[in-house]
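Topology and contacts: notes
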Amino acid sequence: MEVRDCLISAPGKAILHGEHAVVHGKVALAVSLNLRTYLKLKARSDGKVCINLPNIDTFVCWELSELKQLTPFLSDKKEEMQRLDAELVKRLREFIGVTNGNSDSSASAILAFLYIYLSLFGSGDMPSLTVSVWSELPTGAGLGSSAAYSVCLAAAFLCATGNIPTPLKEWEQTGRWCQEDLELINSWAFQGEKIIHGNPSGVDNAVGTWGGMLRFLAGKIIPLSRVPLLRILLTNTKVPRSTKVLVARVKDKINKFPSIMIPVLDSVDAISCTCEKVLTEMTCEPITGDHYNILEELIDINQHHLNVIGVGHPSLDTLCQVTAARGLHSKLTGAGGGGCGITLLRPETDSMTVQGTMKDLRDCGYDCWETSIGGPGCRKEDSRHVQPLWRIWISITVL
């Protein structure tokens, strides 16, 4: 089987409001980041299948004959999009030599690649190809890097198999799929996320697929049709944290002080709903300074709530203090306890203020990017129109 070369991209994600409260049945708002993962699929003619992941120093090749030995373990049932094929995952772990149940980022990425490749190509003529992935997203920072990777894999392989059309017209620089095709991409990306994370919520891959903003409540994910593009600073404090430990800490505090903590969670829920209302207004009426005033107040209130429920950290306090000194408003995004934070930039915020703030944050030892939230989801790119950096990277990618 021959496949066409293609270039796919998908965005990362941040939580705007609702961290931790969402675990307890409250609304969370997840938004796409204008930091993207790019996947280049290139056909080969030498009977090899290769994956190249320079961000995590991973390059692996297999002979097609090796991978074909795994096809007897593929399920004949059409339930693969609903339930992970545990037997295939087990065989793939044995195949790459990871049998102790623990996988590092490289092994997890390889497992997700092989699982989706074999599931979609294994019943027919398996193609020889190289998949190369490069990302603007830092790994392990809670910004949806693994989900963007899984979304790109799913879209590229579904295109290659003909399960979804190629949406890019000759005169276009990018192309998006229809709703039905996006749902198929998302379902396969969710399988990749299950392999990488075990029991994911599905929010990250949904944001990577649809982009924009999603409302998440009690396991239900609703993409919002229109949201304004907002400028932000994204800061990685580089302080490691355990989401599992932080979730348990919040639960313990709720059990200990229910009459205090439950109203706090209700307030976080109200913040999410108010923010959603304001952002919706901003798409259908002229945007005013009052809209930004409200968004800034909501950020400040929510950050205080997150400290109250026990997921703050001195590094995040520093972030808020540094940005407040320049008239900006920040909050943590994700699990807290370190990790990342976002800072809202108003349209009139000048470049000197932005560059000065970024310098101050980098002087604290943090990584910082100016970007935006609310941009497009998964899309097919015309490699002739990608930024020069991507063209250089594509040209030097291992063949």
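As a starting point, this report considers the structure included with it. (Residues numbered from 1 in each chain as written. Predicted model: local features only at pLDDT ≥ 70, side-chain atom pairs only at ≥ 80, totals over all residues. Heavy atoms only, no water.)

Comments concerning the overall build of the protein chain
Counting its regular elements, the protein chain contains twelve helices and 13 strands. Here the C-alpha atoms of the protein chain give a radius of gyration of 22 Å, agreeing with the 21 Å that 2.2 N^0.38 yields for 399 residues. On the principal axes, the C-alpha backbone points of the protein chain span a range of 60 × 50 × 40 Å. Buried positions account for 54% of the 399 residues belonging to the protein chain. Counted over contacts in the protein chain with a minimum sequence separation of 6, partners at least 24 positions apart contribute 75%. Carbon and sulfur atoms provide 52% of the accessible area of the protein chain, an area that totals close to 17,500 Å². Side-chain charges in the protein chain split into 39 positive and 42 negative, and the spacing between the mean points of these groups amounts to 2 Å. (Helix = DSSP H or I, 4+ residues; strand = E, 2+ residues; numbered from the N terminus. Rg over C-alpha atoms; globule rule 2.2 N^0.38 Å. Buried < 20%, exposed > 50% of the residue type's maximum accessible area, 1.4 Å probe, protein only. Contact = heavy atoms within 4.5 Å. Areas by Shrake-Rupley, 256 points an atom, 1.4 Å probe, with all protein chains shown as cover. Lys, Arg positive; Asp, Glu negative; His and termini not counted. Charge placed at Lys NZ, Arg CZ, Asp CG, Glu CD.)

Looking at the nonpolar core
Soluble globular proteins: nonpolar side chains tend toward being buried together. Among the nonpolar cores identified, the biggest contains 90 residues, and Phe113, Tyr117 and Phe157 are the most heavily contacted of them. Sequence-distant contacts of Tyr117, defined by excluding residues within four places in its chain, comprise Val49, Leu64, Leu67, Gly122, Met126, Pro127, Leu129 and Phe157. (Core = buried A, V, L, I, M, F, W, Y, C linked by side-chain atoms within 4.5 Å.)

Side note on the pattern of salt bridges
By the definition in use, this model includes 16 salt bridges. Salt-bridge contacts for Lys26 lead to Asp266; the nearest nitrogen and oxygen are separated by 2.6 Å. Separated by 240 residues along the polypeptide, Lys26 in the loop between β1 (6-17) and β2 (28-43) and Asp266 in helix α8 (residues 258-284) bring together distant segments of the chain. For Lys26, a relative accessible area of 17% translates into the label buried. The exposure class assigned to Asp266 is partly exposed, which follows from its relative accessible area of 38%. Between Arg91 and Glu94 there is a salt bridge whose closest N-O contact spans 3.8 Å. Linking Arg91 with Glu94, this pair stays in helix α2 (residues 86-96), spanning three residues, or about one helical turn. Classification of Glu94 as partly exposed rests on a relative accessible area of 40%. Put simply, Glu87, Arg91 and Glu94 are held in one network by salt bridges that share partners. (Salt bridge = Lys/Arg side-chain N within 4 Å of Asp/Glu carboxyl O.)

Some remarks on the side chain of Ser128
Mapping Ser128 onto the fold places it in the loop between α3 (105-121) and β5 (129-135). Separated by 3.4 Å, the side chain of Ser128 and the backbone nitrogen of Gly47 make a polar contact. (Polar contact = N/O pair within 3.5 Å; in protein donor to acceptor, adjacent residues only side chain to side chain.)

Some thoughts on the pairing of β2
In summary, the side chains of a regular strand alternate between the two faces of the sheet. Burial runs high along β2: 13 of the 16 residues are buried. With eleven bridges connecting them, β1 and β2 associate as antiparallel partners. Residue pairing in the sheet places Cys6 in a bridge with Leu41 of β2. As defined by bridge partners, β2 adjoins strand β7 (residues 213-217) across four bridges and the pair is classed as antiparallel. Residue pairing in the sheet places Leu29 in a bridge with Arg215 of β7. Two elements, β2 and β5, share seven bridges in a ladder whose sense is antiparallel. Looking at the pairing, Thr37 lines up with Ser135 of β5. (Pairing = 2+ DSSP bridges.)

What to know about the packing of α8 against helix α9 (residues 289-308)
Here α8 crosses α9 at 160 degrees, and the two axes come no closer than 10 Å. Accordingly, the angle class assigned to the pair α8 and α9 is roughly antiparallel. When you trace α8 past α9, the crossing you get is left-handed. Taking contact as the criterion, the partners of Met261, Val264, Ser267, Val268, Ile271, Thr274, Cys275, Val278, Leu279, Glu281 and Met282 in α8 are, on α9, His291, Tyr292, Ile294, Leu295, Leu298, Ile301, Asn302, His305 and Val308. (Axes fitted to C-alpha atoms, helices over the stretch in contact; angles between N-to-C directions. Parallel < 35°, antiparallel > 145°, perpendicular 65-115°, else oblique. Left-handed = near helix turned anticlockwise from the far one by under 90°.)

A word on the side chain of Ser187
Tracing the backbone shows Ser187 in helix α5 (residues 179-197). Note on Ser187: relative accessible area 16%, which makes it buried.

Comments concerning the pairing of strand β11 (residues 340-345)
Taking burial as the measure, the six residues of β11 include six buried ones, the bulk of the element. Here β11 shows no split at all, with Cys340, Ile342 and Leu344 on one side and Gly341, Thr343 and Leu345 on the other all buried. Note that strand β9 (residues 230-236) and β11 share six bridges and pair antiparallel. Directly across from Asn236, in β11, lies its bridge partner Cys340. Alignment of strand β10 (residues 329-333) against β11, held across five bridges, turns out to be antiparallel.

The values are spatial; any link to function lies outside them.
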